[in-house]
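Overview (structure and organization)
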Amino acid sequence: MAKKNEKNLPANWDEELARQAQVAAGMENSTATGQFFSLKGGTLSWNDAPLPNNQMAVIIVDSILENVFYEGRYDPDTPQAPSCFAFGRDDKEMKPHELVFENNSNQHDFCSGCEMNEWGTAETGRGKACRNVRRLAMIPAGILENGKFKIFEEDDHFESTAIGFMKLPVTSVKGYAAFVKQIAGALKRPPHGVITRVSVVPDSKSQFKVTFEPIMSVPNEIMRAVMKRHEEAQSVIDFPYALDDGSQ
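An account of the accompanying structure is given in this report. (Residues numbered from 1 in each chain as written. Predicted model: local features only at pLDDT ≥ 70, side-chain atom pairs only at ≥ 80, totals over all residues. Heavy atoms only, no water.)

**As for the overall build of the chain**
Within the chain, the regular secondary structure consists of six helices and nine strands. When the 248 residues of the chain are sorted by exposure, 39% land in the buried category. Contacts in the chain between residues far apart in sequence, at least 24 positions, make up 63% of those at least 6 positions apart. When the accessible surface of the chain is split by element, carbon and sulfur atoms take 49% of a total near 14,500 Å². (Helix = DSSP H or I, 4+ residues; strand = E, 2+ residues; numbered from the N terminus. Buried < 20%, exposed > 50% of the residue type's maximum accessible area, 1.4 Å probe, protein only. Contact = heavy atoms within 4.5 Å. Areas by Shrake-Rupley, 256 points an atom, 1.4 Å probe, with all protein chains shown as cover.)

Right, here's the structure in full:
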């Protein structure tokens, strides 16, 4: 009987298990060491190295809603731990992360109905004390040089390159939403189906903003690898902030 069942196993069973192992390992790695692209001072950088022309070509393999509340005045140039944060894909169902409840620093049991998530609660202006932003997960897709794009051609690049994360400023969220709607309507593709130029540009009202521009559709020959990275990103993108030391 056992031998009969073994014969019925799919031919790519080992391959599928290996893929799931990579996803699981990736989740543990990202939980411990998730790295963010820096936007400090309006300069786009990775590992403290500024990126040429303040732009990069990437595939946005996933994105998630993030609500984050800081006690006192928020300073994006000074690392600090939030008091309360939440992740989700439906803003009506979001609630503080379990670590926030364990830390007894939740401002409410749910984001909807929380006083800090209401307009006019920010220390300055008419905004919210709780910042409604996006966390993006991205992998590099190629090189931008002299206005031209060249895709990476290494066989295993899209399968193994590290995922980097970016927390969008509040002032760039609308632009990202417009980009997602643009490619959905014009190209019939989600963000992980296109290669995107991400740029950080000056802005008279908010110092700088992050912009998004589709370069090309993801080629069919790498789509399988990208879909795997999309699955991986979905499992790791909501890694929590460290409430005790502000390391994220």
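**Concerning the nonpolar core**
The tendency in soluble globular proteins is for nonpolar side chains to be buried as a group. Of all hydrophobic cores here, the largest spans 32 residues; its most connected members are I59, F85, A137, F158, F165 and V218. When residues of this core are traced back to their parent elements, those giving at least two are strand 3 (55-69), strand 4 (84-88), strand 5 (130-145) and helix 6 (220-236). In this structure, L39, I60, M166 and V200 belong to the second largest nonpolar core, which totals 19 residues. (Core = buried A, V, L, I, M, F, W, Y, C linked by side-chain atoms within 4.5 Å.)

**Observations concerning the packing of aromatic side chains**
Counting across every chain of the model gives 10 aromatic pairs. Put simply, the rings of F36, F165 and F239 touch in pairs and so form one group of aromatic residues. Directly above the ring of F239 sits R135, whose terminal nitrogen or CZ lies 4.5 Å from the centroid. Across from the ring centre of Y241, 5.3 Å away, lies the NZ or CZ of R135, which sits over that ring. (Phe/Tyr/Trp six-rings, centres within 6.5 Å; stacked < 30°, edge-to-face > 60°. Lys NZ or Arg CZ within 6 Å of the ring centre and 35° of its normal.)

**Here's the deal with unusual backbone geometry**
Its identity is not glycine, yet K188 carries a phi of approximately 60 degrees, on the positive side. The phi angle at Q207 is positive, at roughly 75 degrees, despite the residue not being glycine. Here Q207 is to be found in strand 9 (residues 207-217).

**Description of helix 6**
When the terminal C-alpha atoms of helix 6 are compared, their 25 Å separation across 17 residues agrees well with the 24 Å that a helix rising 1.5 Å per residue should span. Among the residues of helix 6, I222, M223, A225, V226, R229, H230, E232, A233 and V236 are the ones counted as buried. (Expected span 1.5 Å × (residues − 1).)

**Quick word on helix 5 (residues 170-186)**
A rise of 1.5 Å per residue sets the reference length of helix 5, with its 17 residues, at 24 Å; its end C-alpha atoms lie 25 Å apart and thus fit the reference within 8%. Of the residues making up helix 5, those classed as buried are S172, V173, Y176, F179 and I183. Summarising the axial view, the buried residues of helix 5 lie within an arc of 125 degrees, below the 170-degree limit, and thus occupy one face. For helix 5, the exposed residues set more than 90 degrees away from the buried face come down to K174, K181 and A186. The elements touched by buried residues of helix 5 are strand 3, strand 5, strand 8 (194-203) and strand 9. K188, located one to two residues past helix 5, shows a positive phi value of around 60 degrees. (Arc of directions from axis to C-beta.)

**Observations regarding the environment of R229**
Relative to the helices and strands, R229 resides in helix 6. Separated by 68 residues in the primary sequence, R229 and T161 place their C-alpha atoms 9.5 Å from one another. When residues no more than four places from it in sequence are discounted, the contact partners of R229 are V61, I139, F158, E159, S160, T161 and I163. Engagement of the side chain of R229 in a polar contact is seen with the backbone oxygen of E159, the distance being 3.3 Å. (Polar contact = N/O pair within 3.5 Å; in protein donor to acceptor, adjacent residues only side chain to side chain.)

**Concerning the environment of G41**
Note on placement: G41 falls in the loop between helix 2 (13-33) and strand 1 (45-46). Since its relative accessible area comes to 42%, G41 is described here as partly exposed. Taking the C-alpha atoms as reference points, G41 and Q207, 166 residues apart in sequence, are found 8.2 Å from one another.

**A look at the pattern of salt bridges**
All told, the structure shown has five salt bridges when counted by the stated rule. With its nearest N and O atoms 3.3 Å apart, the salt bridge here joins E213 to R197. Taken together, the residues span a long stretch of sequence, with E213 in strand 9 and R197 in strand 8 at a distance of 16 residues. Assessed through its relative accessible area of 42%, E213 is described here as partly exposed. According to the relative accessible area criterion, R197 is buried, its value standing at 17%. Members of the salt-bridge network, linked through shared partners, are E66, R135 and K167. (Salt bridge = Lys/Arg side-chain N within 4 Å of Asp/Glu carboxyl O.)

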